[in-house]
Amino acid sequence: MRLNLNQLAIFAKVIECGGFSAASQVLFLSQSSVSKQVQNLELALRTRLVDRSGPKIRPTLAGEVLLAQSKEVLALADQAVAAVQAAALLNEDPLVIGSTSTIGGHVLPSVLLELRQRAPEIRYGLVVGSADQLTTALEEGRVGVALSGSPMPAGRYRSERLADDDMLLVCPAGHPLAGREITPADLSDETFLLRETGSHTRRQLTDLLHRWELSGARTLDLWGTEGVKEAVRIGLGVGLVARRSVQLDLRHGVLAELRIHPAPEHRTVTACSTLARPLTANEQLLLLVLRDAARAAVEA
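Quick look at the structure, then. (Residues numbered from 1 in each chain as written. Predicted model: local features only at pLDDT ≥ 70, side-chain atom pairs only at ≥ 80, totals over all residues. Heavy atoms only, no water.)

### Considerations on the pairing of strand β11 (residues 238-242)
Each regular strand carries side chains that alternate between the two faces of the sheet.
Line of reasoning, step 1. Where burial is concerned, most of β11 is hidden: five out of the five residues are buried.
Line of reasoning, step 2. Because side chains alternate across β11, one face comprises the buried residues V238, L240 and A242, and the other comprises G239 and V241, equally buried.
Line of reasoning, step 3. Sheet analysis places strand β7 (residues 167-172) next to β11, joined by four bridges and oriented antiparallel. Across the sheet, L169 pairs through a bridge with L240, a residue of β11.
Line of reasoning, step 4. With two bridges connecting them, strand β9 (residues 191-194) and β11 associate as parallel partners. In the sheet register, F192 faces β11, and the bridge partner there is V238. (Buried < 20%, exposed > 50% of the residue type's maximum accessible area, 1.4 Å probe, protein only. Helix = DSSP H or I, 4+ residues; strand = E, 2+ residues; numbered from the N terminus. Pairing = 2+ DSSP bridges.)

### Here we look at helix α7 (residues 131-140)
Line of reasoning, step 1. Within the span of α7, buried status applies to A131, L134, A137 and L138. Burial along α7 is one-sided: seen end-on, the buried residues are contained in an arc of 115°.
Line of reasoning, step 2. Each element contacted by the buried residues of α7 is listed here: β3 (95-99), β4 (124-128), β5 (145-148), β6 (157-165), α8 (200-211) and β13 (267-274).
Line of reasoning, step 3. Directly beyond the C-terminal end of α7, a positive phi value near 80° is found at G141. (Arc of directions from axis to C-beta. Contact = heavy atoms within 4.5 Å.)

### Here we look at unusual backbone geometry
Line of reasoning, step 1. Between H261 and P262 the backbone carries a cis peptide bond, its omega angle lying at 0°.
Line of reasoning, step 2. Turning to its location among the elements, P262 is positioned in the loop between β12 (255-260) and β13.
Line of reasoning, step 3. Of note, E213 is a non-glycine position whose phi angle comes to about 60°, a positive value.
Line of reasoning, step 4. As for its placement among the helices and strands, E213 is situated in the loop between α8 and β10 (218-221).

### Observations regarding the pattern of salt bridges
Line of reasoning, step 1. Within this structure, the stated rule accounts for 18 salt bridges.
Line of reasoning, step 2. Across the pair R243 and D166 runs a salt bridge, and its minimum N-O distance is 3.9 Å. You can see R243 sitting in the loop between β11 and α10 (247-251) and its partner D166 sitting in the loop between β6 and β7, a full 77 residues away along the chain.
Line of reasoning, step 3. On the basis of relative accessible area, R243 is assigned to the partly exposed category, the value being 29%.
Line of reasoning, step 4. Connected through salt bridges with shared partners, the residues R48, D51 and R58 form a single ionic network. (Salt bridge = Lys/Arg side-chain N within 4 Å of Asp/Glu carboxyl O.)

### Points about the nonpolar core
Soluble globular proteins tend to pack their nonpolar side chains together in the buried interior.
Line of reasoning, step 1. Counting 22 residues, the largest nonpolar core has V111, L147, L162, A271, L286 and L290 as the members making the most contacts within it.
Line of reasoning, step 2. Every element with two or more residues in this core is listed here: β3, α6 (108-118), β5, β6, β13 and α11 (281-299).
Line of reasoning, step 3. It is α11 that contributes the most residues to this core, five residues altogether.
Line of reasoning, step 4. Sequence-distant contacts of L290, defined by excluding residues within four places in its chain, comprise V111, L147, L162 and A271.
Line of reasoning, step 5. Among the nonpolar cores identified, the runner-up in size contains 20 residues, and L169, L208, L209 and A242 belong to it. (Core = buried A, V, L, I, M, F, W, Y, C linked by side-chain atoms within 4.5 Å.)

So, in structure tokens, the structure goes:
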């Protein structure tokens, strides 16, 4: 015959706790269920394992022998489970991370480095796109976790807020408005550099222009954060960017912040995944690394 590991574990817990009632509380099972499992084990082995005659149960001689062996058997079973999980992790499909270009440029590199240090065996890839494109990638299963500047619809997706992302309007370092406190009216003659269609940053800037009563201002369509930064640097206009994407440019005097009131609202870095399937082990590890990175950024 072959031992039932579940019955063996319950038997060991009954002896450890000194009774069926105490064991049932630890195991979150009914007392009758615990007692029945031990009885079935005794029937399978054709011998009594527990002496129930006294005020406190104790193992019979056969029970003591089984208890001594059970510790090694259960330990080996745990080792087998761990080995299988490790093998499954190694053979798991590559971790595919989705991200908008802004977040992908200034958040993901350090996250990928930490991920490689924690689990060098993981293979991963990156899909960069607009928020709308990432929604489609999640829906089609091409991406497991997507990083975006806003949450996705709650009924179909999980959205976890990781960090705040300050947004600011930038201009060339030598711009006459640089370093001054300004109002939207001061920007009426400026050209505003818009990100590509579908970009959350583009929507945010067009909403700002409407709120600032500058909807008729000149605009120029570009692609990506780097495109906007370079266009600002050479004097094509002013642009809305995440502070973390221009920290070095501001520090070295390449770009300058336009301190406008009311200021652009900050944006969130949000990790999104579909509710259509559970997260894989690799995706869960990615979320842990992302949370740690967000916490470290706040504490820095």
